[in-house]
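Observations on the three-dimensional arrangement
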Amino acid sequence: QFEANVACKELGYRHAQYWTIGEVEGAPDAIHLDEVKCDGSETSLLFCKSRGIGVHACEHTEDVGLSCHNEDTRITNEGLLEVFDGTRWGTVCDDYFGQVEADVVCKELGYRHGHFSTIGEVEGSPDSILLDSVTCNGNETSLLQCQHKGLGVHDCDHTEDVGLSCHQEDVYITKRNLLEVYDGNTWGTVCDD
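A few points on the structure. (Residues numbered from 1 in each chain as written. Predicted model: local features only at pLDDT ≥ 70, side-chain atom pairs only at ≥ 80, totals over all residues. Heavy atoms only, no water.)

Some points on the state of the cysteines
- Inspection of the entire model under this criterion finds four disulfides.
- Put simply, Cys93 and Cys156 are joined by a disulfide, and their sulfur atoms are 1.6 Å apart. Disulfide Cys93-Cys156: the torsion about the S-S bond is 80°, which places it as right-handed. On the criterion of sequence distance, the pair formed by Cys93 in the loop between strand 5 (89–92) and helix 2 (99–108) and Cys156 in the loop between strand 7 (129–131) and strand 8 (162–167) is long-range, its members being 63 residues apart.
- Among the residues examined, Cys156 registers a relative accessible area of 10% and is labelled buried. (Disulfide = S-S within 2.5 Å. Helix = DSSP H or I, 4+ residues; strand = E, 2+ residues; numbered from the N terminus. Buried < 20%, exposed > 50% of the residue type's maximum accessible area, 1.4 Å probe, protein only.)

As structure tokens, then:
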């Protein structure tokens with residue numbers, strides 16, 4: 001994890017998550033670093049210990065994937081809301097989660113509004129449930145600043161995971177093509193009259 005943190009810090013980010021991504025089509029042929037060891041104080045990955053630039057005993061099947069971010073929250077491609085506790089990503093339970101909480105998350109991510117639902121268990125989602133019984137007053141800049149039971153403390157399962165989409169406009173089309181409008185407090189549908 002130190003190595004991932006150093007690489008992301010070098011790029012101007014606070015948090016890192018890494019995995020073995022394997023061979024990626026279109027990637028460079030060269031492998032520059034192998035057996036990289038950082039202590040976390042380095043300002044560049046190149047300052048960490050390694051076998052040396054260009055010296056390796058590995059294949060592209062061992063290439064590293066890296067995700068860097070500044071936020072403590074994210075929304076996956078499947079619409080699953082996740083939070084980061086500093087070492088791992090986890091989901092959020094829907095107990096007490098409402099429009100205020102959705103808007104806090106979306107504003108943290110740079111959007112105006114949030115549209116939430118109970119999404120349930122999503123294949124490939126994190127094992128951990130990190131937040132439950134979240135209540136915000138609307139002034140928070142991060143979901144982690146809102147009241148909750150404590151990181152990792154919950155009485156729910158993944159069938160209660162929160163789904164979220166964020167957007168800039170007061171009009172939203174759901175995944176089922178339902179047109180909705182935001183009145184400043186709640187989302188509502190539009191009649192065909």
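After that view of the structure, there is still more to cover.
Quick look at the side chain of Gln99
- Inspection of the secondary structure puts Gln99 in helix 2.
- Sequence-distant contacts of Gln99, defined by excluding residues within four places in its chain, comprise Gly114, Phe116, Tyr182, Asn185 and Trp187. (Contact = heavy atoms within 4.5 Å.)

Quick word on the nonpolar core
- By size, the foremost hydrophobic cluster in this structure holds 17 residues, and its most contacted members are Leu81, Val92, Phe97, Val134, Leu143 and Leu164.
- Sorting the residues of this core by element identifies strand 4 (81–84), helix 2, strand 7 and strand 8 as the ones contributing at least two each.
- When sequence neighbours within four positions are dropped, the list of residues in contact with Leu81 reads Thr73, Arg74, Ile75, Gly90, Thr91, Val92, Phe97, Val105, Leu143, Val162, Gly163 and Leu164. (Core = buried A, V, L, I, M, F, W, Y, C linked by side-chain atoms within 4.5 Å.)

What to know about the pairing of strand 4
- Neither face of strand 4 is left uncovered, since the one carrying Leu81 and Val83 and the one carrying Glu82 and Phe84 both have all their residues buried.
- Two elements, strand 3 (residues 73–75) and strand 4, share three bridges in a ladder whose sense is antiparallel. Paired with Thr73 across the two strands is Val83, which belongs to strand 4.
- Counted along the chain from strand 3 to the antiparallel partner strand 4, the turn is five residues long, and its residue Gly79 has a positive phi close to 90°.
- The sheet contact formed by strand 4 and strand 5 spans three bridges and is antiparallel. Along strand 5, the bridge assignment pairs Glu82 with Thr91.
- Counting the residues in the hairpin turn of strand 4 and strand 5 gives four residues, including Gly86, whose phi is positive at 105°. (Pairing = 2+ DSSP bridges.)

So, to be careful, I would describe these as geometric facts and stop short of saying anything about function.
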